[in-house]
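An overview of the molecular structure
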Amino acid sequence: MARKAVSRKRKAPASPGVGSDAQGPQLFVVDVQTNQITKIPILKDREPGGVTQQGCGIHAIELNPSRTLLATGGDNPNSLAIYRLPTLDPVCVGDDGHKDWIFSIAWINDTMAVSGSRDGSMGLWEVTDDVLTRSDARHNVSQVPVYAHITHKALKDIPKEDTNPDNCKVRALAFNNKNKELGAVSLDGYFHLWKAENILSKLLSTKLPYCRENVCLAYGSEWSIYAVGSQAHVSFLDPRQPSYNIKSVCSRERGSGIRSVSFYEHIITVGTGQGSLLFYDIRAQRFLEERLSACYGSKPRLAGENLKLTTGKGWLNHDETWRNYFSDIDFFPNAVYTHCYDSSGTKLFVAGGPLPSGLHGNYAGLWS
C-alpha cells in the first residue's frame, strides 16, 4: 500500500460531511505510479433490502495499526465494512448496530475498531481469529466475494447533556494508544473521553469553547493533546486539565469551517472548507507564514500572511442543481475533508469536494 491511495467518491450532502454520488457508495484503490484505478466491491448487509438512504456515501476509511485490515462504510451507510490488506478481500460487515450514518472510525488495536454514528452512538467491533479464518476458507473455495456478518461487542450512546438531542451526533474519533483512551466530538459542541479496551467506559465530557461545526479531531501523542476543528478555530485540549485551560487559534478563514486536522511531529495541518491547507507550529504557537524573496543580495522577508496551499479544480457534476442555482459561479473551492501524510512526511494525500449543499463533485491529490 506504500504507493497506493484508497479513496472514495465524494459530494457535499445536506448535513456537514462527505459521501458518494447518487449511484451509491463507491470505493477505489488508486496506484499513484501507474494511475490505475481499481474499484472495490461494496459490502452489503445480511438483509440489504433494508437500505433506504441511497447516495450519502462513505464517510470514513481507517487502517488498523499493523496495516493488515481496512475499516470503512458498507453499502448501508449505517454499517461497518472490513477488508483485508493488501488484497482488499472482504472479511466481514457489522450491520446490526447503528440506526444512522457512520461518520468516523478509530482502531483501538489490531482487531478492534470503534465507529461513531450520526445517531449519537459509538459501536465497538471485534474481528476475531474465527472470522478471519472463516473468511480465508470461503475465499479459497469461492470465486465471488464472500464475507461474514458480525455483531457489535458494545454500543454506547454519548451523553446528551442539556442540549438538543438531535445535535448529539458523533462526528469524529481519535485514539490515544498510550492511555487506551478514545476522544469523541459531537455536533452539540462537546468533547467526550472514553476508556477503550475490551469495553467502552465514559470518563468525562467537556464543553468546547467554540461549539459550531465541530467535525474533526486528532490526537498528538508527542504532545498529549487533542486538536478539535470548529467553524473558524482549532482548539487544543488536555482532558486532564480544567476546561478553562483550553487554548484556541483562529484559522483566519471564517465561515467555511475547519474540515480536517492532523499532527505530524510539531506541525498541525489544518484543512479548511475554502480548500486551503494551513500549518500550525505547536512549538512556536503560530501558523507558518509565507516567505517571499526580496531583492538580490538581501535576506528573505516574512510576508505576514499564513502559508497556504490550495486544492485544484477537481471534478464537479453539472447536474440540474448546479444549472438551477450555481451555474453563474465560475469556480467552487474543494473543501479539504481529509488529508494524510505518508510515513516519511514528504508526501501528503489530500481529498475533498465542494462545500455547498447539493453540489456533487470530488478532488483528490498527492502532494510532495
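The rules behind these values
- Position numbers for residues start from 1 in each chain and track the written sequence from start to end.
- The predicted nature of this model means local features are confined to residues of pLDDT at least 70 and side-chain atom pairs, given and counted, to a pLDDT of 80 or more, with totals for whole chains, interfaces and linings taken over all residues.
- Here the side-chain values reflect all heavy atoms present in the structure, with hydrogen atoms and water set aside.
- Secondary structure elements are defined from DSSP: runs of H or I of at least 4 residues count as helices, runs of E of at least 2 residues count as strands, and each element is numbered from the N terminus.
- Remark: exposure states derive from per-residue accessible area (1.4 Å probe, protein chains only) relative to the maximum for the residue type, with buried under 20%, exposed over 50%, and partly exposed in between.
- Any two residues having at least one pair of non-hydrogen atoms within 4.5 Å are treated as being in contact.
- A 1.4 Å probe and the Shrake-Rupley method give the accessible areas. Residues count as covered only by the protein chains that appear here.
- Between N or O atoms, a polar contact is any pair within 3.5 Å; within protein, one atom must be a potential hydrogen donor and the other a potential acceptor, and residues adjacent in sequence are included only when both atoms are from side chains.
- What makes two strands pair is DSSP finding at least two bridges between them.
- To define axes, lines are fitted to C-alpha atoms, for helices over the stretch in contact only, and angles between the resulting N-to-C directions are given on a 0 to 180 degree scale.
- Within this document, salt bridges are pairs made up of a side-chain nitrogen of Lys or Arg and a carboxyl oxygen of Asp or Glu, the two lying within 4 Å of each other.
- A residue's pLDDT is the confidence the predictor assigns to it, expressed on a 0 to 100 scale.

1. Some remarks on the overall build of the protein chain
Assigned secondary structure in the protein chain consists of two helices and 31 strands. Burial statistics for the protein chain: of 368 residues in total, 53% are counted as buried. Across the protein chain, contacts joining residues at least 24 apart in sequence account for 51% of those joining residues at least 6 apart. Entry remark: accessible area of the protein chain is about 17,500 Å², with carbon and sulfur atoms responsible for 47%.

2. Details of the side chain of Ser117
Structurally, Ser117 can be placed in strand 9 (residues 112-117). Among the polar contacts listed, one links the side chain of Ser117 to the side chain of Asp119, at a separation of 3.0 Å. When near neighbours in sequence (up to four residues on either side) are disregarded, Ser117 contacts His98, Asp100, Trp101, Ile102, Phe103, Lys169 and Val170.

3. Quick look at the sheet that holds strand 16 (residues 200-207)
Strands pair in a sheet through their backbones, by hydrogen bonds, and they do so in one of two ways: parallel or antiparallel. If you trace the four strands from one edge of the open sheet to the other, you get 13-14-15-16, paired in antiparallel fashion. Strand pairing shows two members of the sheet lacking a second neighbour, strand 13 (170-176) and strand 16, which therefore form its edges. Direction aside, the axes of adjacent strands within the sheet are offset by 20° on average. Sheet analysis places strand 13 next to strand 14 (residues 181-186), joined by six bridges and oriented antiparallel. Along strand 14, the bridge assignment pairs Leu173 with Ala184.

4. What about the pairing of strand 13?
The buried count for strand 13 comes to seven of seven residues, which makes it a mostly enclosed element. Hairpin connection from strand 13 to strand 14: four residues lie between these consecutive antiparallel strands, with Lys180 at a positive phi of about 55°.

5. Topic: the pairing of strand 22 (residues 267-272)
Burial runs high along strand 22: six of the six residues are buried. Where burial is concerned, the two faces of strand 22 agree: the one with Ile267, Thr269 and Gly271 and the one with Ile268, Val270 and Thr272 are both buried. Relative to strand 22, strand 21 (residues 258-264) is paired through six bridges, and the arrangement is antiparallel. Pairing of Ile258 across the sheet is with Thr272, part of strand 22. Hairpin connection between strand 21 and strand 22: a loop of two residues separates the two successive antiparallel strands, and Glu265 in this loop has a positive phi of roughly 55°. Where strand 22 meets strand 23 (residues 276-281), five bridges bridge the pair, whose relative direction is antiparallel. Note on strand 23: the bridge partner recorded for Thr269 is Phe279.

6. Some thoughts on the environment of Asn76
Counting through the fold element by element, Asn76 comes out in the loop between strand 5 (69-73) and strand 6 (80-84). It is 8.2 Å that separates the C-alpha atoms of Asn76 and Trp101, two residues lying 25 residues apart in sequence.

7. Examining the pattern of salt bridges
According to the stated counting rule, one finds seven salt bridges in the structure shown. Between Asp100 and Arg118 there is a salt bridge; the shortest N-O distance is 3.2 Å. Here Asp100 is found in the loop between strand 7 (89-94) and strand 8 (102-107), whereas its partner Arg118 is found in the loop between strand 9 and strand 10 (121-126), with 18 residues between them in sequence. With a relative accessible area of 18%, Arg118 lands in the buried category. The salt bridge involving Arg134 is made with Asp130; its shortest N-O contact spans 3.0 Å. One end of the pair, Arg134, and the other, Asp130, are both in helix 1 (residues 129-141), four residues apart, so they sit about a helical turn from each other. A relative accessible area of 46% means that Asp130 is categorised as partly exposed.

8. Topic: the sheet that holds strand 19 (residues 233-237)
The sheet built from four strands is open, its strands ordered 17-18-19-20 with antiparallel pairing. Only two strands of the sheet have a single neighbouring strand rather than two, namely strand 17 (216-220) and strand 20 (247-250). For this sheet, the mean angle separating the axes of adjacent strands, direction not counted, is 20°.

9. Quick look at the confidence of the model for the protein chain
Mean pLDDT over the protein chain stands at 85; residues scoring 70 or higher make up 84%. Across residues 7-22, confidence stays below pLDDT 50; counting only partners more than four residues off in sequence or on other chains, it has 74 contacts. Long-range and interchain partners of residues 294-299, a stretch whose pLDDT sits below 50, account for two contacts in this model, where long-range means more than four residues apart.

10. Quick word on unusual backbone geometry
Across the junction of Leu85 and Pro86, the peptide omega takes the value 5°, indicating a cis bond. By secondary structure assignment, the location of Pro86 is in the loop between strand 6 and strand 7. Look at Glu213: it is not a glycine, yet its phi comes out positive at around 60°. Summarising the element assignment, Glu213 is placed in the loop between strand 16 and strand 17. For Glu213, a relative accessible area of 24% gives the class partly exposed. Even without being a glycine, Glu265 presents a positive backbone phi close to 55°. Within the secondary structure, Glu265 is located in the loop between strand 21 and strand 22.

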